[in-house]
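# Structure assessment
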Amino acid sequence: MNSFIAVVLVCANGIPQQSCTDDRASEVRKVRVANELGCTNGWQEIIARTDLSAEIGKTAYLKTECRRVKQAE
């Protein structure tokens, strides 16, 4: 059975979207979710409660990814 890791990358506006990766992001947040839909829900609220919220849209942007994790059998 597969599960997914929901990933939110916070990248500076000067970093092109295709170059916004775990190692270039100023912050990376990850959480295991049950399905792909779980990767799309709740991030706005989580980020809005952090100090990062003031920078999003001004000096930084969010990039979200959904990564499949294969479970050991």
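First, a word on what this report is: a plain description of the structure on this page. (Residues numbered from 1 in each chain as written. Predicted model: local features only at pLDDT ≥ 70, side-chain atom pairs only at ≥ 80, totals over all residues. Heavy atoms only, no water.)

## Quick word on the pattern of salt bridges
Heads up, the condition is: Definition used for salt bridges: Asp or Glu carboxyl oxygen within 4 Å of a side-chain nitrogen of Lys or Arg. Note on conventions: DSSP H or I runs of at least 4 residues are helices, E runs of at least 2 residues are strands, and numbering of each starts at the N terminus. In this scheme, a residue with accessible area under 20% of its type's maximum is buried, one over 50% is exposed, and one in between is partly exposed, where area comes from a 1.4 Å probe on protein chains only.
The tally for this structure, following the rule as stated, stands at five salt bridges. Note that Asp22 is salt-bridged to Arg67, the shortest N-O span being 2.7 Å. Within this pair, whereas Asp22 is found in the loop between β1 (2-12) and β2 (27-33), its partner Arg67 is found in strand β3 (residues 60-70), the two being separated by 45 residues in sequence. Close ionic contact of Glu65 with Arg67 constitutes a salt bridge, the shortest N to O distance being 2.5 Å. When its relative accessible area of 22% is taken as the criterion, Glu65 is described as partly exposed. Assessed through its relative accessible area of 27%, Arg67 is described here as partly exposed. Sharing partners across several salt bridges, the network here consists of Asp22, Lys30, Lys63, Glu65 and Arg67.

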